[in-house]
Amino acid sequence: MSGKKDSNELETRESIGSQSSSADVPHVKASFFTYMLVMCVCVGGFLFGYDTGVISGALQPLQEKFGLSTVQKELVVGATTLGAIFGGFFAGLLSDKMGRKILVIISSVIFIAGALLLALAPSYGVLLLGRLVVGVAVGVASMIVPVYVSELAPKHIRGRLTTLNTLVITFGQVIAYVMNIAFASVDNGWRYMFGIAGIPALFQFIIMPFLPESPRRLVITNKLEQAKSTLRKIYGPEVTEAFIENQVRLMLDDVNSSSSSSFKDLIHRDTLRPLIIACLLQAAQQLSGFNAAMYYAATILQMAGFRSNQNSTSVAIIVSVTNMVFTAVAVSVIDWAGRRRMVVITMLMMIAGLISLGATFAAQQGFIPKQDSCSGYVTHCARCVLDDRCGWSISEDVCVPLLGHSGDIYESTTGCPPRGNDKAITGILLTSLIVYVASYALGLGYAPWLIQSEMFSNSVRGKANGVSTAVNWICNLIISTTFLSMTDTLTSAGTFWFYAGISFILWIGIYFLLPETSGKSLEEVNASFSK
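Residues numbered from 1 in each chain as written. Predicted model: local features only at pLDDT ≥ 70, side-chain atom pairs only at ≥ 80, totals over all residues. Heavy atoms only, no water.

Undergrad: For the packing of helix α4 (residues 55–66) against helix α5 (residues 70–98), give the residues involved together with the corresponding values.
TA: Relative to each other, α4 and α5 sit at 145 degrees, their axes nearing to 11 Å. Our pair here, α4 against α5, has a crossing hand that is right-handed. Contact with α4, carried on its side by I55, L59, L62 and Q63, involves K73, V76 and V77 of α5 and no other residues of that element. In terms of residue class, the contact of α4 with α5 is made up of five nonpolar, one polar and one charged. (Axes fitted to C-alpha atoms, helices over the stretch in contact; angles between N-to-C directions. Helix = DSSP H or I, 4+ residues; strand = E, 2+ residues; numbered from the N terminus. Left-handed = near helix turned anticlockwise from the far one by under 90°. Contact = heavy atoms within 4.5 Å. Nonpolar A, V, L, I, M, F, W, Y, C, P; charged D, E, K, R; others polar.)

In structure tokens:
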């Protein structure tokens, strides 16, 4: 009788704890420890951003150093993406077996190795290998950091803390552009651009062993006391012991209801729908063409008339800063504005920006694809000077080969005679680019990573996130290795309109499938797909 009475009392206390926790959670602030822990983990996000952004400014000096063709440039950009496909997929497999923390440490080691290979690359082959190695690290970080952070974060600020990783990614891209500008005129400056990435990776490698594993991972491995200790540090002294006990109980319930999983479990009804949503969001993020704008920002701005590498890189930082600023806005509003609303509205704004961007390129360059000879561009100067074989003849006022006409080529910031509408076209182009980037940052820039980290049960979270992350990087590879070829074939205008069309098709699927996950615990989100 006594045992039964004690058991009833314990159940009553847990019930009260559960009720009180539900009321208390919205008023509980994450501790300073939580923010410091998240920032240390998000060094992986910084490196993700830096290593994907640095290629924009490094591409031109690499072309001069190794004499790269269009295909070779696309391979240099795409090698990182190819590595990321495998890194993200295998991180999903290993995270369920090894835990989140150890994979962050492994990614930092791979980042260091990649930085050294790139900085010391004596040949094009080693350069490709270095980009591939860095890509593996980027893939691991892109998958594991959002999962780690979402499992650490209190539910009422989980969106803010997970989106903080995206903000750090954009900060990494800004720093990459700053380094591009700083070393643009330095002999072998591209080596410094790549090598600097090893410094934050070394910091993360040193600090991560002293940080805790995620509470949910500790519960899975039956280290309940360690899980409670970590939760106390995350929530601070304001919460009651009953609240901590209830959080652990919820995690245990989720673990006990989820047996060990295989990939076959991903097609189960409770898992298939969130997997489709996650893959759809990740595909939309990449097939919108945004990372083409990041990887080839300097090249795009050269298309827009900023002909020198330094000038185009300097203006390209506007793209990066816009991305960072509007991601910061997203961090501040995501938990009360809602994930679904932000994605649905901002995707439409992004599509409008893409359409406007294409229209501006059409007005500037027309619809002339790359020609076999310079004479094919006839009297269209803006398209003529995009071809590195051609220039605009001062005496003939037509497009001519650079070879044999060195003293007769028009020299200006654009390479063309001034026109009355040049400033207006450039202004509209930059405005369209900023609208496109800002809209992306407010929605697709962070939402796929945040939402996919929220939707799956403990048993399949690693595998499901690995699959959707692989989808992201496969789509990224398609975009990054076809952008230059598409602009040659479809023209710049046609390429951006193609991205707009694909984005609209994906928007329709997202509109009808994506639920709201804001304000719910991970266990509550997962349970909603079981109903």
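Undergrad: Which residues make up the packing of α5 against helix α22 (residues 461–480), and what values go with them?
TA: The contact between α5 and α22 brings their axes to 7 Å, and the two run at 175 degrees. Regarding the angle of α5 to α22, the classification is roughly antiparallel. Broken down by class, the residue content of the contact of α5 with α22 amounts to 11 nonpolar, 10 polar and three charged. (Parallel < 35°, antiparallel > 145°, perpendicular 65-115°, else oblique.)

Undergrad: Account for the environment of I175, with residues named and values stated.
TA: The topology assignment puts I175 in helix α8 (residues 158–182). Relative accessible area serves as the criterion here: at 24%, I175 is assigned to the partly exposed category. Between the alpha carbons of I175 and S320 there is a distance of 9.0 Å; along the sequence they are 145 residues apart. With residues up to four places along the chain from it excluded, the contact list for I175 reads F46 and Y50. (Buried < 20%, exposed > 50% of the residue type's maximum accessible area, 1.4 Å probe, protein only.)

Undergrad: I'd like a rundown of helix α10 (residues 198–207), residues and numbers included.
TA: When α10 is considered as a whole, its buried residues turn out to be G198, P200, A201 and Q204. Projected down its long axis, α10 shows its buried positions confined to an angular sector of 165 degrees, all on one face. Set apart from the buried face of α10 by more than 90 degrees, the exposed residues are I199 and I206. Next to the buried residues of α10 lie α2 (32–41), α3 (43–53), α6 (100–119) and α9 (189–195). (Arc of directions from axis to C-beta.)

Undergrad: Can you tell me about the nonpolar core, naming the residues and giving the values?
TA: Counting residues in hydrophobic clusters, the biggest one holds 74 residues, and the most contacted among them are L62, L127, W190 and F194. The dominant element in this core, judged by the number of residues it contributes, is helix α7 (residues 124–152), at 14 residues. Discounting chain neighbours no more than four positions away, the residues touching L127 are L62, F66, V76, L118, A121, W190 and F194. I277, L433, I479 and F483 belong to the second-largest nonpolar core, a separate cluster that totals 60 residues. (Core = buried A, V, L, I, M, F, W, Y, C linked by side-chain atoms within 4.5 Å.)

Undergrad: Outline the side chain of E213, supporting the account with residue identities and numerical values.
TA: Counting through the fold element by element, E213 comes out in the loop between α10 and α11 (215–220). Look at E213: it is buried, it has no salt bridge, and the nearest opposite charge is R217 at 4.8 Å. Polar contacts involving the side chain of E213 include one to the main-chain amide nitrogen of K101, which spans 3.3 Å. Other than its neighbours up to four places away in sequence, E213 contacts G99, R100, K101, Y148, L218 and T230. (Lys, Arg positive; Asp, Glu negative; His and termini not counted. Salt bridge = Lys/Arg side-chain N within 4 Å of Asp/Glu carboxyl O. Polar contact = N/O pair within 3.5 Å; in protein donor to acceptor, adjacent residues only side chain to side chain.)

Undergrad: How would you sum up the state of the cysteines? Please name residues and give values.
TA: Cysteine pairs can be covalently joined through their sulfur atoms, and such a bond is termed a disulfide. Here the structure, examined in full by the defined rule, presents three disulfides. Across the disulfide, C374 is cross-linked to C390 (sulfur-sulfur distance 2.0 Å). Across the S-S bond of C374 and C390 the torsion is about -90 degrees, and the bridge reads as left-handed. One end of the pair, C374, is in the loop between α18 (339–365) and α19 (381–384); the other, C390, is in strand β1 (residues 390–392), with 16 residues separating them in the sequence. Judged by relative accessible area, C390 falls into the buried class, the value being 2%. One disulfide in the model links C384 with C399; its S-S distance is 2.1 Å. (Disulfide = S-S within 2.5 Å.)

Undergrad: Report on the pattern of salt bridges, specifying residues and quantitative values.
TA: As a working rule, side chains carrying opposite charge can pair if their charged atoms are close by. The tally for this structure, following the rule as stated, stands at eight salt bridges. Residues R249 and D253 are paired through a salt bridge, measuring 3.3 Å at the closest nitrogen-oxygen approach. With R249 and D253 both in helix α13 (residues 241–257) and four residues apart, the pair spans about one turn of that helix. For E454, the salt bridge is made with R339, and the minimal N-O distance between the two is 2.5 Å. Of this pair, E454 sits in the loop between α21 (447–452) and α22 while R339 sits in helix α18, and the two are 115 residues apart along the sequence. The two residues E454 and R339 agree in class, both being buried. The structure contains a network of salt bridges with shared partners spanning E225, K228 and E245.

Undergrad: Can you lay out a nonpolar patch on the surface for me, pointing to particular residues and giving the numbers?
TA: A cluster of nonpolar side chains, namely L82, F86, F90, L94, M98, I102, I106, L129 and L132, defines an oily patch on the protein surface of about 710 Å² accessible area. Mapped onto the nonpolar patch, the elements with two or more residues apiece are α5, α6 and α7. Of the residues forming the nonpolar patch, the biggest block, five residues, is contributed by α5. Relative to the helices and strands, L132 resides in helix α7. (Patch = residues over 30% accessible without salt bridge, like charges linked within 9 Å, V, L, I, M, F, W, Y side chains within 5 Å. Areas by Shrake-Rupley, 256 points an atom, 1.4 Å probe, with all protein chains shown as cover.)

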